[in-house]
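Single-letter residue listing:
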Amino acid sequence: PGDPLFTRFGSLELTGWFIDEANEIDEQAVTILKTRIARQKNKEYWIIPKLLCTFNPDQWRVKRTFYTPWKSQTLPPETIFIPALVTDNDYVDPEYITQLRNSTDEITKQRLLYGNFDWSWDAGKLFRHDEIEDLFEVNIEKKEVTYISVDVARLWDDKTVICVWRGLECIKIIQYDRNTIDEIAGRVKDLEEMYWVSRRNIVVDSDWVWGWVSDLLRGCTNFVNNSRPYKFEPEKKGYIIRNYANLKAQCYFKLKEMMEKRLIRVYADWVIRDKLSEELENIFITGIDTDWKVKIEDKKDLKRRINRSPDFADAIMFRMIFLVQETEESENSFTGTYEIDYDSILY
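The following refers to the structure shown. Quick caveat: nothing in here was measured; it's all calculated off a predicted structure. Throughout, residues of each chain are indexed from 1 in the direction in which the sequence is written. The predicted nature of this model means local features are confined to residues of pLDDT at least 70 and side-chain atom pairs, given and counted, to a pLDDT of 80 or more, with totals for whole chains, interfaces and linings taken over all residues. As a rule here, side-chain values cover all heavy atoms of the structure and leave hydrogens and water aside.

**Quick notes on the layout of surface pockets**
Picture a little ball the size of a water molecule; that probe, rolled over the atoms, points out where space is still empty. Using protein atoms alone on a 1 Å grid, points that fit a 1.4 Å probe yet trap it form a cavity, whereas open point sets bounded by protein on both sides within 12 Å along at least five of seven lines form a pocket; residues with an atom within 4 Å of a point count as lining. Grid points are joined across faces, edges and corners, and a volume is the space filled by probe spheres set on the points. The computed volume of the second largest pocket comes to approximately 1400 Å³. Surrounding the second largest pocket, 43 residues form its lining, Cys 53, Thr 54, Phe 55, Phe 66 and Ile 80 being those nearest its centre. The set of elements that each furnish at least two residues to the lining of the second largest pocket consists of helix H1 (27-34), strand E2 (51-53), helix H2 (61-71) and helix H4 (106-113). Helix and strand definitions follow DSSP, with helices as H or I runs of at least four residues and strands as E runs of at least two, each counted in order from the N terminus. Counting residues per element, the lining of the second largest pocket draws most heavily on H2, which supplies 6 residues. Residue polarity follows a fixed list, in which Ala, Val, Leu, Ile, Met, Phe, Trp, Tyr, Cys and Pro are nonpolar, Asp, Glu, Lys and Arg are charged, and the others, Gly among them, are polar. Of the residues contributing to the lining of the second largest pocket, the split by class is 28 nonpolar, 7 polar and 8 charged.

Here it is, written out as structure tokens:
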């Protein structure tokens, strides 16, 4: 965590390298390691520099880099993908294979027993794969109104994520490790001044003790996950009006709506893009087929799958509070946004 650019690898001199569980390694680490091979007696012994990555099926980087090009026969000539199953291993414990075959978790069975990269776990998933991919590519209308959304770290293994917005374009994502409440508030104030953000257009995660951050940003918008959802939802053709369990569920469904309509865009490097994509891919909903109120799956269950908190997804979702506020406030003919007159400020 203290070396996000993996500069510690910069002085290595390697003949070649091997990464196990490559799907769990940041792409930046792989990129840096690629530059460090062919530097240790390769010429002396006529050794071709090789990179070996092993991994289990996933839906993101290794699928995009290896499996999908292999399946479509578009792999670069210097790359080889070798599919292998657990049953190919003569030394594996037979009991492990039996456990996989008897597993009630169909996703685990498809991945680890059948080596399937194309498994379907759409039932209960909030976001479709194409919606997530288009989140980083779609062109949307440019707006000048600026916003900031802040997901404050709760535990030592969580991160504080701050997003800067122009309209529905997320133009900057910043991640911080282990900051104090004062430091987080100070960083937000710096961005507020830099990007001309109205204080009421700043939304901060205000659950539990982290409400202290919003106290230091007096006048900002508080986001309390389990608070009541806003009452009004617009009647839109083809859009289902749902009975939300809380504000978090309402805002995630609003994010879903914006992504379906290709009205939101996120600019991010590949490291953040992969993490945000994985988080969105793993957001499930409950109560969708019942008379109960619809809610988002508990965070602890999501963390168990991806081994971290969905900090990037939550920070993006917080931006939606201004849209659901506008929906309710429009009943009183108030937009709930603050337009900045740049001409009068600059000239």
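**As for the packing of aromatic side chains**
Centres within 6.5 Å make a pair out of two Phe, Tyr or Trp rings, where for Trp the six-membered ring is used; the pair is then stacked when the planes are under 30 degrees apart, edge-to-face when over 60, and tilted otherwise. This model, assessed by the stated rule, comprises 13 aromatic pairs. Where Tyr 67 meets Phe 117, the ring centres are 4.5 Å apart and the plane angle is 10°; that geometry is what we call stacked. On the criterion of sequence distance, the pair formed by Tyr 67 in helix H2 and Phe 117 in the loop between H4 and helix H5 (129-134) is long-range, its members being 50 residues apart. Across this residue pair, the class does not change: Tyr 67 and Phe 117 are buried. Both rings, one in Tyr 147 and one in Phe 322, keep their centres 5.0 Å apart while their planes meet at 45°; by these two values the pair is tilted. A residue pair is termed long-range when its members are at least 10 positions apart, and Tyr 147 in strand E3 (residues 146-151) and Phe 322 in helix H12 (residues 321-329) qualify at 175 residues. As far as the burial class goes, Tyr 147 and Phe 322 line up, both buried. One aromatic cluster is present, built from ring pairs that chain together Phe 55, Phe 66, Tyr 67, Trp 70, Phe 81 and Phe 117. The ring of Phe 9 has Arg 8 lying over it, and the distance from NZ or CZ to the ring centre is 4.8 Å. Stacked on the ring of Tyr 147, the Lys or Arg Arg 319 has its end atom at 3.7 Å from the ring centre. Remark: exposure states derive from per-residue accessible area (1.4 Å probe, protein chains only) relative to the maximum for the residue type, with buried under 20%, exposed over 50%, and partly exposed in between. We call a charge positioned above a ring when the Lys NZ or Arg CZ atom is no farther than 6 Å from the ring centre and deviates by at most 35 degrees from the ring normal.

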